[in-house]
Amino acid sequence: MKEEKSNKTRHVIFRLTPKEYANLEAKRSRTTCRKLSEFLRLLIFNRPVTVIERNGSQDQMIGELSELREELNRLGNNFNQATKRLNAVNQISEFRNWIASYEAEKTFMFSVLDMIKSQTDKLADRWLQ
């Protein structure tokens with residue numbers, strides 16, 4: 001059988017100062033509740049409220065790792081484009097020009113990879129403390 005759906009037809013209205021509202025919203029934002037009304041119902045009826053705990057160093061590490069991943073994706077795309085150009089070369093002069101630009105890209109890529117390794121090492125050292 002279907003459960004009877006209870007409609008919420010009653011309104012409860014009260015006023016808060018901007019500071020009180022900001023405090024209430026700050027508490028709600030640290031929970032899994034998406035709406036303020038949901039948060040207030042849980043509090044009023046003494047139901048459990050799931051609080052999200054954030055680890056600042058972990059958030060920073062995840063942000064830095066995301067940036068490193070994006071940079072690696074860019075490097076991979078550049079390398080794939082260079083490989084496609086090599087396969088498409090028909091004339092020797094084009095090949096010589098490509099080799100010169102490839103060497104410059106390779107040097108840049110290895111410098112970026114060294115930077116990524118350095119950043120990863122720093123993150124690992126910080127995380128393992």
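Calculation criteria
- Residues numbered from 1 in each chain as written.
- Predicted model: local features only at pLDDT ≥ 70, side-chain atom pairs only at ≥ 80, totals over all residues.
- Heavy atoms only, no water.
- 1 Å grid on protein atoms, 1.4 Å probe; cavity = no way out; pocket = protein on both sides within 12 Å on 5 of 7 lines; lining within 4 Å.
- Points joined across faces, edges and corners; volume = space filled by probe spheres on them.
- Salt bridge = Lys/Arg side-chain N within 4 Å of Asp/Glu carboxyl O.
- Helix = DSSP H or I, 4+ residues; strand = E, 2+ residues; numbered from the N terminus.
- Buried < 20%, exposed > 50% of the residue type's maximum accessible area, 1.4 Å probe, protein only.
- Core = buried A, V, L, I, M, F, W, Y, C linked by side-chain atoms within 4.5 Å.
- Contact = heavy atoms within 4.5 Å.
- Axes fitted to C-alpha atoms, helices over the stretch in contact; angles between N-to-C directions.
- Parallel < 35°, antiparallel > 145°, perpendicular 65-115°, else oblique.
- Nonpolar A, V, L, I, M, F, W, Y, C, P; charged D, E, K, R; others polar.
- pLDDT = per-residue confidence, 0-100.
- Polar contact = N/O pair within 3.5 Å; in protein donor to acceptor, adjacent residues only side chain to side chain.

Enquirer: Just checking my understanding: could you explain the layout of surface pockets for this structure?
Expert: Approximately 480 Å³ is the volume attributed to the largest pocket. What lines the largest pocket is Lys8, Thr9, Arg10, His11, Val12, Ile13, Phe14, Ser37, Leu40, Arg41, Ile44 and Phe45.

Enquirer: How should the pattern of salt bridges be read in this particular structure?
Expert: Working definition: two side chains of opposite charge can pair if their charged atoms are close together. Considering all chains together, one arrives at 2 salt bridges under this definition. Here Glu25 and Arg28 are joined by a salt bridge, their closest N and O atoms 2.4 Å apart. Here Glu25 and its partner Arg28 are both found in helix H1 (residues 18–29), 3 residues apart, which amounts to about one turn of the helix. Its relative accessible area of 23% is what places Glu25 among the partly exposed residues. Using a relative accessible area of 14% as the deciding quantity, one classes Arg28 as buried. Of the charged contacts, one joins Arg74 and Glu71 as a salt bridge, the two residues approaching to 2.9 Å between their closest N and O atoms. In this pair, Arg74 and Glu71 are both assigned in helix H3 (residues 56–88), 3 residues apart and thus about one turn of the helix distant. Given the relative accessible area of 43%, Arg74 is considered partly exposed.

Enquirer: I would appreciate a short explanation of the nonpolar core in the present structure.
Expert: Within soluble globular proteins, side chains that are nonpolar generally end up buried alongside one another. With 7 residues, the main nonpolar core is built from Met61, Leu68, Leu75, Met109, Val112, Ile116 and Leu123. Put simply, the parts of the chain that give this core at least two residues each are H3 and helix H4 (92–127). Looking at this core, the element that brings in the most residues is H4, giving 4 residues. Ignoring anything within four residues of it in the chain, the contact list for Ile116 reads Leu68, Glu71 and Leu72.

Enquirer: Would you mind showing me how to read the packing of H1 against helix H2 (residues 36–44) here?
Expert: Helix-helix packing is described using two parameters, namely the angle between the two axes and the distance between the axes. The interhelical angle for the contact between H1 and H2, taken along N-to-C directions, is 85°, at an axis separation of 10 Å. In terms of orientation, H1 and H2 fall into the roughly perpendicular class. Side by side, H1 and H2 meet where Tyr21, Leu24, Glu25, Lys27 and Arg28 of the first sit next to Leu36, Phe39 and Leu40 of the second. Of the residues belonging to the contact of H1 with H2, the class tally is 5 nonpolar, no polar and 3 charged.

Enquirer: It is not clear to me how the confidence of the model for the protein chain should be interpreted in this structure. Could you clarify?
Expert: Any segment with low pLDDT has predicted coordinates that should not be analysed in fine detail. The share of residues in the protein chain with pLDDT of 70 or more is 87%, and the mean pLDDT across the chain is 79. Confidence, expressed as mean pLDDT per element, reaches its minimum in the protein chain at H3 with 77 and its maximum at H1 with 90.

Enquirer: How should I be thinking about unusual backbone geometry in this particular structure?
Expert: Both trends apply: most residues other than glycine have a negative phi, and most peptide bonds are in trans. In this structure, Asn46 takes a positive phi of about 50° despite not being glycine. The topology assignment puts Asn46 in the loop between H2 and H3.

Enquirer: Sorry, what's going on with the side chain of Thr31 here?
Expert: The residue Thr31 is located in the loop between H1 and H2 in this model. Owing to a relative accessible area of 7%, Thr31 belongs among the buried residues under this scheme. A distance of 2.7 Å separates a polar side-chain atom of Thr31 from the backbone oxygen of Arg28. Not counting the four nearest positions on each side in its chain, Thr31 is found in contact with Phe39, Val49, Thr50, Val51 and Ile52.

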